[in-house]
Amino acid sequence: YSADRFAIGRSLVVDDVPRRIIAVLPPSFQFMDHEVSLVFPMRLNRANIPLIGFCCQGLARLKPGVTLAQANADVARMLPLAPAKFTVNPGFSLKNYTDARIGPKLLPLKDRLVGDIGKTLWVLMGTVGIVLLIACANVANLLLVRADSRRHELAIRAALGASMGRIVRELLFESVLLAFAGGGLGLLLAYASLRVLVLSAVPHMPRLSEISIDPVAVAFTFVTSLLAGIFFGLIPVFKCVRPQLAGALHGGGRTQSQSRERHRARSVLVIAQVALAVVLLVGSGLMIRTFQALRRVDPGVSHIAELETLPVYIPATQVKDDALAIHMEEDILRRLGAIPGVSQAAISDTVPLEGEGSNNPVYVEDHLYRATAAPPLRGFHFISPGYISTVGSRLVAGREFSWIDTYDHALVALVSENMARELWKEPKAALGKRIRFGRTDAWRTIIGVVADLRNNGVDQPAPPIVYWPLLMRDFGAKDLAARTVTFVIRTPRAGTAALLADLQRALGGVNSRLPVANVKTVQSVYDRSLARTTFTFTLLLIAGGMALLLGVIGLYGVISYSVAQRTREIGVRLALGASPSGVSRMFIRHGLLLSAVGAMGGLAGAFALTRLMKSLLYDVSPADPFTYAVVAAGLMVISALASYLPARMTTRIAPSIALRSE
């Protein structure tokens, strides 16, 4: 209505039902973390509601002072009162309801919306903290080198009357200034990165659009920069600024002793950097292994990139007769199959791999159940003939449905392979067995066994599933026709705008009043099930790479400075007959020693800390030996290279020049 304020009172036709607009919600309105365009009233008729039925979710606000435990207790008190208010389900008795031991399960809305994303965010927060520590250690190392090179200058200033406090304040000011400059640049980078993150719409990241660089984030950055600048700026202060600083004006062994002490401080910082880098690299390796394990999982659907889905709902106001509604779906199916490039098309009540569908008890004829016992819940899917082959699954045994089965209301069903093995040990043994939904329903013969489908996502086990025809009689004490369905189309044109236009024309050719909306590829659903793992492993990989780079830079700097400081010693060694390669190996050994000590500490820390990532891993142990071995070996190789490059400079030093160096 072009934002017309007088839209209230006008009518919309939704699913062939005129509806009057009574209110306009703000554009920011969300329900259960989902954007909505239309909100309808829920109308329930108590006379038509069975006693046992899980159709809806309830949303309530606790009274002030009432705890969740008290609310659960109140619901538990009301459950025994339900049989007096609602009709017992056909084929069930009141005793079935009592013995089912239905209980309350109130959950905080925040837990429902956010779930366990907090674990992922804390892992990423820890990762960022470790990178910050490594970067600060690197800066502290540079400040140590700078302070060491300025010790003569500082000694002169102290001799001329500058107080220790003034020198300390100046050094800390330089450190804090560097920290604030880095923090400010980080805020700019964070703002740009956040824009990219929001536009990418990472699934499973709740309220992503509301994340922003707010005053709290700016204050956090300011405080973090200040503390980092002070804490790591104090390291060179303690090592280089002392009351005896004036002693630096004189040469001698004492100065050399202090230089060795500062060298040890730099070595300790490098060891800490390497250890922290190893922790991140192990975490990154575990997430890479997890991602690889998920990519190897057979989802039960092949050539996913070629599958497009089109949801359709045929309301009873348009087609009253159930059989005619299914005929209309078959007509749409034929037109979709005739689109150029489409090789196959079929119908299901859900999108493959999206985790939708219902779960209900299934009775098995050759299994005994106590009169008061309910059988296990199974996933229910309603499919058309050709669905199994269209999605690229396979029949382990038996055959698919036919349209004759559908229109003749044949008493047939398909089951998943894991359900067949659970009940009859072998898939072929399931053929000819009979199952039913309710206690009074007609028995339906299993005519086929379908390979397992990871319908809840590739990171979740394949659920046991029963497949039913689209049209059935006496199903749950009533006739059933699948009117809300999804057409699954196999074509190399999946995801293209041209295919969408062809789908609109095909659907409009059968019924122009059926809307085309929410068309998506199965590839997008598959990627969404991997999105959380991909997001976490990408950030950990970036952080691990940064940590490794910073650690290597720190190691390179320490070895380079050591070579520069020991130039005279190198000249003496060379003059006395030491080979240049032997001198180089001495520095390489020093670098490898620092790396080895850091690596051992890092591996021990990773073994303890990566257990916190257990919920993020799939088919990989937090103590995976392969990951630990690869990280350790790779780190030693890179450390050897980082040590070799500055050590190689020793081969270019002429002894005569080295002996004259200060």
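In case you missed it, the structure is sitting above this.
Just so we're clear, the structure is a prediction, and the values are computed from it rather than from any experiment.

**Observations concerning the overall build of the protein chain**
Phase 1: Each helix and strand counted, the protein chain has 19 helices and 18 strands in total.
Phase 2: Over its C-alpha atoms the protein chain spans a radius of gyration of 35 Å, topping by over 25% the 26 Å that the globule rule assigns to 662 residues.
Phase 3: Counting only C-alpha atoms, the protein chain reaches 105 × 60 × 55 Å along its principal axes.
Phase 4: By the burial criterion, 40% of the 662 residues in the protein chain qualify as buried.
Phase 5: Taking the intrachain contacts of the protein chain between residues at least 6 apart in sequence as the baseline, contacts between residues at least 24 apart amount to 79%.
Phase 6: By element, 62% of the accessible surface of the protein chain is carried by carbon and sulfur atoms, the whole surface being about 35,700 Å².
Phase 7: For the protein chain, the centre of its 70 positive side-chain charges and the centre of its 46 negative side-chain charges are spaced 11 Å apart.

**Examining the sheet that holds strand E6 (residues 344-348)**
Phase 1: One open sheet holds the four strands; their spatial order is E6-E17-E5-E18, and the pairing between them is antiparallel. Lying at the two open borders of the sheet, with one neighbouring strand each, are E6 and strand E18 (520-521).
Phase 2: Both E6 and strand E17 (residues 484-490) contribute to a ladder of five bridges, which runs antiparallel. Paired with Gln-344 across the strands is Arg-490, a residue of E17.
Phase 3: In the packing of helix H9 (residues 322-337) onto the sheet, the strands contacted are strand E5 (307-313), E6 and E17, and the crossing angle to E17 comes to about 20°.

**A short note on the pattern of salt bridges**
Note on pairing: side chains with opposite charge can pair once their charged atoms come close.
Phase 1: Counted by the stated rule, this structure contains 13 salt bridges.
Phase 2: In this structure, Arg-77 engages Asp-74 in a salt bridge whose closest nitrogen and oxygen atoms are separated by 2.9 Å. One end of the pair, Arg-77, and the other, Asp-74, are both in helix H1 (residues 68-78), three residues apart, so they sit about a helical turn from each other.
Phase 3: Residue classification places Asp-74 among the partly exposed positions, given a relative accessible area of 35%.
Phase 4: Of the charged contacts, one joins Glu-354 and Arg-528 as a salt bridge, the two residues approaching to 3.0 Å between their closest N and O atoms. Taken together, the residues Glu-354 in the loop between E6 and strand E7 (358-361) and Arg-528 in helix H15 (residues 522-565) connect sequence positions 174 residues apart.
Phase 5: According to the relative accessible area criterion, Glu-354 is partly exposed, its value standing at 21%.
Phase 6: Bridged by salt links that share partners, the residues Glu-354, Lys-520 and Arg-528 form one connected network.

**Re unusual backbone geometry**
Phase 1: With a phi angle near 50°, His-303 is a residue other than glycine that sits in the positive phi range.
Phase 2: Tracing the backbone through its elements, the reader meets His-303 in the loop between helix H8 (253-296) and E5.
Phase 3: For His-303, a relative accessible area of 58% corresponds to the exposed category.
Phase 4: Residue Asp-474 is not a glycine yet carries a positive backbone phi of 50°.
Phase 5: With respect to the element layout, Asp-474 can be found in the loop between strand E15 (471-472) and strand E16 (480-481).

**Focus: a nonpolar patch on the surface**
Phase 1: Taken together, the side chains of Leu-25, Phe-31, Val-36, Val-39, Leu-59 and Leu-109 make up a nonpolar region of the molecular surface, amounting to roughly 550 Å² of accessible area.
Phase 2: One can find Val-36 in the loop between strand E4 (34-35) and H1.

**Quick notes on helix H18 (residues 625-647)**
In an α-helix, one turn spans 3.6 residues, which is why side chains three or four residues apart end up on the same side.
Phase 1: For H18, which comprises 23 residues, the first-to-last C-alpha distance of 32 Å matches the rise-based estimate of 33 Å (1.5 Å per residue) to within 8%.
Phase 2: Along H18, the residues that are buried comprise Thr-627, Tyr-628, Val-631, Leu-635, Ser-639, Ala-642, Ser-643, Pro-646 and Ala-647.

**Digging into helix H17 (residues 580-609)**
Phase 1: A rise of 1.5 Å per residue sets the reference length of H17, with its 30 residues, at 44 Å; its end C-alpha atoms lie 43 Å apart and thus fit the reference within 8%.
Phase 2: What H17 keeps buried is the set Val-583, Ser-584, Met-586, Phe-587, Ile-588, Gly-591, Leu-594, Ser-595, Gly-598, Ala-599, Gly-602 and Ala-606.

**Re the packing of helix H16 (residues 567-575) against H17**
Each pair of packed helices can be described by the angle between their axes along with the distance between the axes.
Phase 1: With their axes 10 Å apart at the nearest point, H16 and H17 run at an angle of 140° to one another. Relative to H17, H16 is oriented oblique. Judged by the twist between their axes, the crossing of H16 over H17 is right-handed. Contact residues: H16 offers Glu-569, Ile-570, Arg-573 and Leu-574, while H17 offers Pro-580, Val-583, Met-586 and Phe-587.
Phase 2: Taken together, the residues of the contact of H16 with H17 break down into six nonpolar, no polar and two charged.

**Observations concerning the packing of aromatic side chains**
Phase 1: Within this structure, the stated rule accounts for nine aromatic pairs.
Phase 2: Between the aromatic rings of Phe-180 and Phe-222, the centroid separation amounts to 5.1 Å while the plane-to-plane angle is 10°, which identifies the pairing as stacked. Pair noted here: Phe-180 is in helix H6 (residues 164-200) and Phe-222 is in helix H7 (residues 215-240), with a separation of 42 residues, a long-range link.
Phase 3: When the ring of Trp-468 is compared with that of Phe-475, the centres are 5.0 Å apart and the planes differ by 70°; the resulting orientation is edge-to-face. Here Trp-468 matches Phe-475 in class, with each residue buried.
Phase 4: If you follow Arg-611 out to its NZ or CZ, it ends over the ring of Phe-607, 4.3 Å from the centre.

**Here's the deal with the environment of Val-525**
Phase 1: Along the chain, Val-525 falls in helix H15.
Phase 2: Sequence separation between Val-525 and Pro-352 is 173 residues; the distance between their C-alpha atoms is 8.1 Å.
Phase 3: Leave out the neighbours within four places in its chain, and Val-525 touches Val-351, Pro-352, Leu-353, Glu-354 and Lys-520.

**Thoughts on the side chain of Thr-536**
Phase 1: Relative to the helices and strands, Thr-536 is located in helix H15.
Phase 2: We classify Thr-536 as buried; its relative accessible area is 1%.
Phase 3: Here Thr-536 is in contact with Thr-120, Leu-124, Met-287 and Leu-616, once residues within four sequence places are set aside.

Rules behind the numbers
The numbers attached to residues start from 1 for each chain and follow its sequence in the written order. Under the rules for a predicted model, residues below a pLDDT of 70 receive no local features and side-chain atom pairs below 80 are neither given nor counted, while totals for whole chains, interfaces and linings still include all residues. Side-chain measures here rest on the full set of heavy atoms in the structure, leaving out hydrogens and waters. The way it works is that DSSP assigns letters per residue, a run of H or I at least four long becomes a helix, a run of E at least two long becomes a strand, and they are numbered from the N terminus. Our radius of gyration is a C-alpha quantity, and the globule rule it is checked against amounts to 2.2 Å times the number of residues to the power 0.38. Buried means the residue's accessible area, taken with a 1.4 Å probe over protein chains only, is under 20% of the maximum for its type, while exposed means over 50%, and partly exposed covers the values in between. Throughout, a residue-residue contact means that at least one pair of heavy atoms, one from each residue, lies within 4.5 Å. Here the Shrake-Rupley method, with its probe set to 1.4 Å, supplies the accessible areas, and only the displayed protein chains count as covering residues. When charges are counted, Lys and Arg are positive and Asp and Glu negative, with His and the chain ends excluded. One atom stands in for each charge, and that atom is NZ of Lys, CZ of Arg, CG of Asp or CD of Glu. At least two bridges found by DSSP between two strands is the condition for calling them paired. Between N-to-C directions, angles cover 0 to 180 degrees, with each direction set by a line fitted to C-alpha atoms, over the stretch in contact for helices. Any carboxyl oxygen of Asp or Glu that lies within 4 Å of a side-chain nitrogen of Lys or Arg is treated as forming a salt bridge with it. Patch membership requires more than 30% relative accessible area and the absence of a salt bridge. Residues of like charge join within 9 Å; the nonpolar side chains Val, Leu, Ile, Met, Phe, Trp and Tyr join within 5 Å. Each residue after the first adds 1.5 Å to the expected span of a helix. An angle counts as roughly parallel when it lies under 35 degrees, as roughly antiparallel when it exceeds 145, as roughly perpendicular when it falls between 65 and 115, and as oblique in every other case. By convention, the crossing between two helices is left-handed when the near helix turns anticlockwise from the far helix through less than a right angle, and right-handed when the turn is clockwise. Polar here means any residue other than Ala, Val, Leu, Ile, Met, Phe, Trp, Tyr, Cys and Pro, which are nonpolar, and Asp, Glu, Lys and Arg, which are charged; Gly is therefore polar. Side-chain rings of Phe, Tyr and Trp, where Trp is taken by its six-membered ring, are said to pair if the distance between their centres is within 6.5 Å; with planes under 30 degrees apart they count as stacked, over 60 as edge-to-face, and otherwise as tilted. Either the NZ atom of lysine or the CZ atom of arginine qualifies as a charge over a ring when it sits within 6 Å of the ring centre and within 35 degrees of the ring normal.

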